[in-house]
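Now for the letters of each chain:
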Amino acid sequence: MFVKPAPGRSVRWPGTMRLLKAQGETVPETGFWLLCLHNGDVVKATPPAASAAPVSPSPSPTHLSGGAAAIPEPAEAHA
């Protein structure tokens, strides 16, 4: 679930004691976070939209050469 701290509140992650980011974070639906929600320490929020331009992976050497890429042999094989 995606939550952010309620106005005027700060909430720490259990275990690490790191503060929950003010813009919100995805947290597991554990008893701790459900209790924070029930107590009003956090509020459910909408996660920010992903970037508008999808990132396409760079082509691998296999795509460039049209065949399988050569796999180098380990250095020990040439001793």
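About the thresholds
Residues numbered from 1 in each chain as written. Predicted model: local features only at pLDDT ≥ 70, side-chain atom pairs only at ≥ 80, totals over all residues. Heavy atoms only, no water. Helix = DSSP H or I, 4+ residues; strand = E, 2+ residues; numbered from the N terminus. Buried < 20%, exposed > 50% of the residue type's maximum accessible area, 1.4 Å probe, protein only. Areas by Shrake-Rupley, 256 points an atom, 1.4 Å probe, with all protein chains shown as cover. Contact = heavy atoms within 4.5 Å. Salt bridge = Lys/Arg side-chain N within 4 Å of Asp/Glu carboxyl O. Phe/Tyr/Trp six-rings, centres within 6.5 Å; stacked < 30°, edge-to-face > 60°.

Some points on the overall build of the protein chain
Turning to step 1, where the next piece is worked out: Across its full length, the protein chain carries two helices and three strands.
Turning to step 2, where the next piece is worked out: Taken from N to C terminus, the helices and strands of the protein chain fall in the order β-β-α-β-α.
Turning to step 3, where the next piece is worked out: Taken over 79 residues, the protein chain has a buried fraction of 18%.
Turning to step 4, where the next piece is worked out: Carbon and sulfur atoms form 62% of the exposed surface of the protein chain, whose accessible area is close to 6200 Å².

Observations regarding the environment of Leu19
Turning to step 1, where the next piece is worked out: Following the sequence through the fold, Leu19 ends up in the loop between β1 (2-5) and β2 (25-26).
Turning to step 2, where the next piece is worked out: The class of Leu19 is partly exposed, set by a relative accessible area of 42%.
Turning to step 3, where the next piece is worked out: Taking the C-alpha atoms as reference points, Leu19 and Pro5, 14 residues apart in sequence, are found 9.4 Å from one another.
Turning to step 4, where the next piece is worked out: If we skip the residues at most four places from it in the chain, Leu19 touches Ser10, Val11, Arg12, Trp13 and Glu25.

Quick word on the pattern of salt bridges
Turning to step 1, where the next piece is worked out: This structure, assessed with the given rule, holds two salt bridges.
Turning to step 2, where the next piece is worked out: Salt-bridge contacts for Arg9 lead to Asp41; the nearest nitrogen and oxygen are separated by 2.4 Å. Of the two residues, Arg9 is situated in the loop between β1 and β2 and Asp41 in the loop between α1 (31-39) and β3 (42-44); the sequence distance between them amounts to 32 residues.
Turning to step 3, where the next piece is worked out: The shortest N-O distance in the salt bridge between Glu25 and Arg18 comes to 3.1 Å.
Turning to step 4, where the next piece is worked out: The exposure class of Glu25 is buried, given its relative accessible area of 11%.
Turning to step 5, where the next piece is worked out: Relative accessible area serves as the criterion here: at 37%, Arg18 is assigned to the partly exposed category.

What about the packing of aromatic side chains?
Turning to step 1, where the next piece is worked out: One pass over the structure, following the stated rule, counts two aromatic pairs.
Turning to step 2, where the next piece is worked out: Summarising the aromatic geometry, the rings of Phe32 and Trp33 are spaced 4.9 Å apart at their centres and angled 85 degrees between planes, so their arrangement reads as edge-to-face.
Turning to step 3, where the next piece is worked out: On the basis of relative accessibility, which here comes to 33%, the residue Phe32 falls in the partly exposed class.
Turning to step 4, where the next piece is worked out: Residue classification places Trp33 among the buried residues on the basis of a relative accessible area of 1%.
Turning to step 5, where the next piece is worked out: Grouped by ring-pair contacts, the aromatic residues Trp13, Phe32 and Trp33 constitute a single cluster.

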